[in-house]
Amino acid sequence: MTTETSDRPGAIHARPVRHPGRWLAIVVIVVLVAMMISSLVTNPVWNFPRVFKVMNFNPVLNGLFKGTLIGTVGAMVIGVVLGVIMAVMRLSGNPVLRGVAFAYVWFFRSMPRYVLLIFCGSLGVLYAKLEIGIPFGPAFTSIDMNALSSSLAIGILGLGLSEAAYMAEIARAGILSVDKGQSEAAQALGMGPGKAMMRIILPQAMRVIVPPTGNETISMVKDTSLLSAVPITAELFYQAQTIGNRDFQIVPSLVAASLWYIIVCSILMVGQSYLERYFGRGFGTPSKKAKQELTKVAADH
Amino acid sequence: MTTTASTPAYDKSGEPLVRAVNVTKAFHGNQVLKGIDLSVNRGQVVVLLGPSGSGKTTFLRCINQLETIDGGRIWVDGDLMGYVDKGGTLHRLTDKAIAAQRRDIGMCFQRFNLFPHKTVLQNVMEAPTQVKGVSKDQARSRGLELLERVGLKDKPAAYPAQLSGGQQQRVAIARALAMDPKLMLFDEPTSALDPELVGEVLAVMKELAQSGMTMIVVTHEMGFAREVADEVVFMDGGVVVEQGPPDEVIVNPKQQRTKNFLRRMRQEEEQLAAATGHLALADIPLDDTTDDDVTVDPTRAIDDGGPDGAVPPTS
Ligand SMILES: Nc1ncnc2c1ncn2[C@@H]1O[C@H](COP(=O)(O)OP(=O)(O)OP(=O)(O)O)[C@@H](O)[C@H]1O
Ligand SMILES: [Mg+2]
């Protein structure tokens, strides 16, 4: 009962609903976590001092920086730029461009990344030299494919080409999500199709494109571990595994690599939420709850 | 620029600004425009009336080439829209040349179509800076001037989503005016607005008309048509049924189809007025007991199924 000072009801001081289920869940989880911690601490195979040592080994840091970070950034830049170009081609009025974009997406979506990367590494076997010039005529420059075939560049190219196929679909969905009235308004103001795309359509499409692109980037961080198929050795997981095999300390090395992947992906998730806020301007900022949901989806990927 | 042998240079100021001759347009075999003729002189305001589906929007979009026409010709300020006449043969213009033709024609849409990712001022500055190459500073000061003209001086930093429909439509008018158009096209600029917001947009349009702008306006606002229009054109089934000064077409229509349309419009207006309380304010008796009298009879609502039965079915 609330006290009433006058004949009109006043402020409410009600007892909250009880949630015995929550308390039960907390107890169960605490017990489970305690069991986990005890196993981590008491089982010497985990060897955490060794984990942190491996995380800071120079070859591992080098692999993290080159293979994982540069690899992710490079592949995503190629993937996003080429993907948007493919999406625009796919939606253009030119049937040749449409066909090319369709064939591209079809091919690279069908190719497993692992197989594609091995293939990229074997290009030197197919073509010792890549010559750029007039077909059947003189060449302007030539690239030594044997030297290139196990470089990080070819690995990044392989991952980027594959990514572009997925980004093309994402960008296409984004472009189609923009109201048709927007390009008509731009046209009515005298903008050409290119300018309307760059200034009006794409910036609005970004709102739809950014969240799945964040997921793609986080997937790419993990897929850089496939670079060893090229073979590229300056790569986080390959280095950690090699050190583990050499020193017969496999588990700490796996944990070291995993921790690095978790750290990098966590930082990316934070960056993603900032990007979403930027491209969502003018549309009302998404609620905190919606953002949390998106981050969860990203983590699941 | 595109002057050719068949269109000799001449003083264009005496010519109508817009000249459409026998314009036809079909969508997938559905003949929407069946030979529209229309001339609009400089400084004139023409109101297009007609039932839903009569082709008003389509005709307006043909004028600035948002739709390509199947037959006939449209000239704006002496330029043949969309084509160039080379010795009697028409050649389609490139996208770039068509974009250049559209610069001089402003258009306002039913649903405003403001750029939601840009602020009000950025919306107004976008085309002058990106299309005409006007400097940012110049575009900004001109943009602020135009926003003041449409009564939105205090909103340059707002995003469209933060504005009411009436405010958005006024921004859209300012955005179109920023390109200094010779001609303004309005497609039902107030029909997506709440009734209490219609007036502010019509006031801006009226001011624009008085300043000497040439305008083609599709609207169902009869008051605006009677007050502002120099000429009213009634379209039905893809043809111009009747045209003339508002006092003839709206007050004393000669054609039966025009009469039917206007009768229906009047009924709708009365219902709307009753529903929104425009009439009611004056009519409600102060006595509480008779309140029920002003509610709209639901059986009277919506007897308007679309265009008149007079429209022949198209094959
Ligand atoms: N892009 C399109 N594709 C196919 N049909 C269309 C297209 N645009 C318009 N139409 C058809 O053309 C006819 C005329 O349409 P329009 O929009 O010009 O009429 P309107 O007079 O503006 O009508 P309203 O008063 O409802 O706006 C309609 O039957 C419509 O279905
Ligand atoms: Mg219409």
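Worth saying up front: this structure is predicted, and the values here are computed from it rather than measured.

Enquirer: In this structure, what is going on with the packing of helix α3 (residues 120-132) of chain B against helix α5 (residues 165-177) of chain B? I would like to understand it.
Expert: Helix-helix packing is described using two parameters, namely the angle between the two axes and the distance between the axes. Residue and element names in this part refer to chain B. With their axes 7 Å apart at the nearest point, α3 and α5 run at an angle of 25 degrees to one another. When the axes of α3 and α5 are compared, the pair comes out roughly parallel. Judged by the sense of rotation from one axis to the other, the crossing of α3 with α5 is right-handed. In this structure, α3 contributes V120, N123 and V124 to the contact, and α5 contributes V171, A174 and R175.

Enquirer: Help me understand the site of ligand 1, please; the structure alone is not making it clear to me.
Expert: Residues and elements named next belong to chain B. Near ligand 1, the surroundings consist of F27, N30, V32, P51, S52, G53, S54, G55, K56, T57, T58 and E188. Contacts to ligand 1 include S54, whose backbone N or O atom sits 3.2 Å from an oxygen atom. Residue K56 places a side-chain N or O atom 2.8 Å away from an oxygen atom belonging to ligand 1. Within the complex, 62% of the 630 Å² of free accessible area of ligand 1 lies under protein. Breaking the shell around ligand 1 down by element, the ones donating at least two residues are β2 (30-40) and α1 (56-63). Per-element accounting of the shell around ligand 1 gives the leading share, three residues, to α1. Its residues placed into classes, the shell around ligand 1 shows three nonpolar, seven polar and two charged.

Enquirer: Looking at this model, I keep getting lost on the confidence of the model for chain A. Mind explaining?
Expert: In regions of low pLDDT, the predicted coordinates are not meant to be interpreted in detail. When pLDDT is averaged across chain A, the result is 87; 92% of the residues are at 70 or more. Segment residues 296-301 of chain A: pLDDT under 50, and nine contacts once partners within four positions in sequence are set aside and those in other chains are kept.

Enquirer: Teacher, can you tell me more about the sheet that holds strand β11 (residues 231-236) of chain B here?
Expert: The pairing of strands in a sheet comes from backbone hydrogen bonds and takes either a parallel or an antiparallel form. Residue and element names in this part refer to chain B. If you walk across this open sheet you meet the six strands as β8-β9-β10-β3-β11-β12, and the pairing is mixed. In this open sheet, the two strands that pair with only one neighbour each are β8 (105-108) and β12 (239-244). Taken pair by pair, the neighbouring strands of this sheet meet at an average axis angle of 20 degrees, ignoring direction. Relative to strand β9 (residues 183-187), β8 is paired through four bridges, and the arrangement is parallel. Along β9, the bridge assignment pairs I105 with L183. Along the sheet, helix α6 (residues 195-210) contacts β3 (45-49), β9 and β10 (214-218); its crossing angle with β10, the most-contacted strand, is approximately 150 degrees.

Enquirer: Where do I start with the pattern of salt bridges in this structure?
Expert: Scanning the entire structure with this criterion turns up 24 salt bridges over all chains. Here E184(A) makes a salt bridge to K180(A), at a shortest N to O gap of 3.4 Å. Of this pair, E184(A) and K180(A) both sit in helix α9 (residues 180-188), four residues apart, roughly one helical turn. According to the relative accessible area criterion, K180(A) is exposed, its value standing at 60%. Salt-bridge contacts for E227(B) lead to K206(B); the nearest nitrogen and oxygen are separated by 2.5 Å.

Enquirer: Whenever I open this one, the interface of chain A and chain B confuses me. Can you help?
Expert: A common way to report how large an interface is uses the accessible area buried once the components associate. Across the boundary between the two partners, chain A contributes 21 residues, which contact 25 residues of chain B. Of all residues in chain A, A188(A), L189(A) and R199(A) give up the largest surface area on contact with chain B, accounting jointly for 29% of the area buried on that side. If you look at where chain A meets chain B, you find two salt bridges. Of the charged contacts, one joins E184(A) and R61(B) as a salt bridge, the two residues approaching to 2.9 Å between their closest N and O atoms. Put simply, chain A and chain B have six residue pairs in polar contact (both at pLDDT 80 or more) between them.

Rules of the game
Residues numbered from 1 in each chain as written. Chains lettered and ligands numbered in written order. Predicted model: local features only at pLDDT ≥ 70, side-chain atom pairs only at ≥ 80, totals over all residues. Heavy atoms only, no water. Axes fitted to C-alpha atoms, helices over the stretch in contact; angles between N-to-C directions. Helix = DSSP H or I, 4+ residues; strand = E, 2+ residues; numbered from the N terminus. Parallel < 35°, antiparallel > 145°, perpendicular 65-115°, else oblique. Left-handed = near helix turned anticlockwise from the far one by under 90°. Contact = heavy atoms within 4.5 Å. Near = heavy atom within 4 Å. Polar contact = N/O pair within 3.5 Å; in protein donor to acceptor, adjacent residues only side chain to side chain. Areas by Shrake-Rupley, 256 points an atom, 1.4 Å probe, with all protein chains shown as cover. Nonpolar A, V, L, I, M, F, W, Y, C, P; charged D, E, K, R; others polar. pLDDT = per-residue confidence, 0-100. Pairing = 2+ DSSP bridges. Salt bridge = Lys/Arg side-chain N within 4 Å of Asp/Glu carboxyl O. Buried < 20%, exposed > 50% of the residue type's maximum accessible area, 1.4 Å probe, protein only. Buried area = accessible area lost by both parts, 1.4 Å probe.

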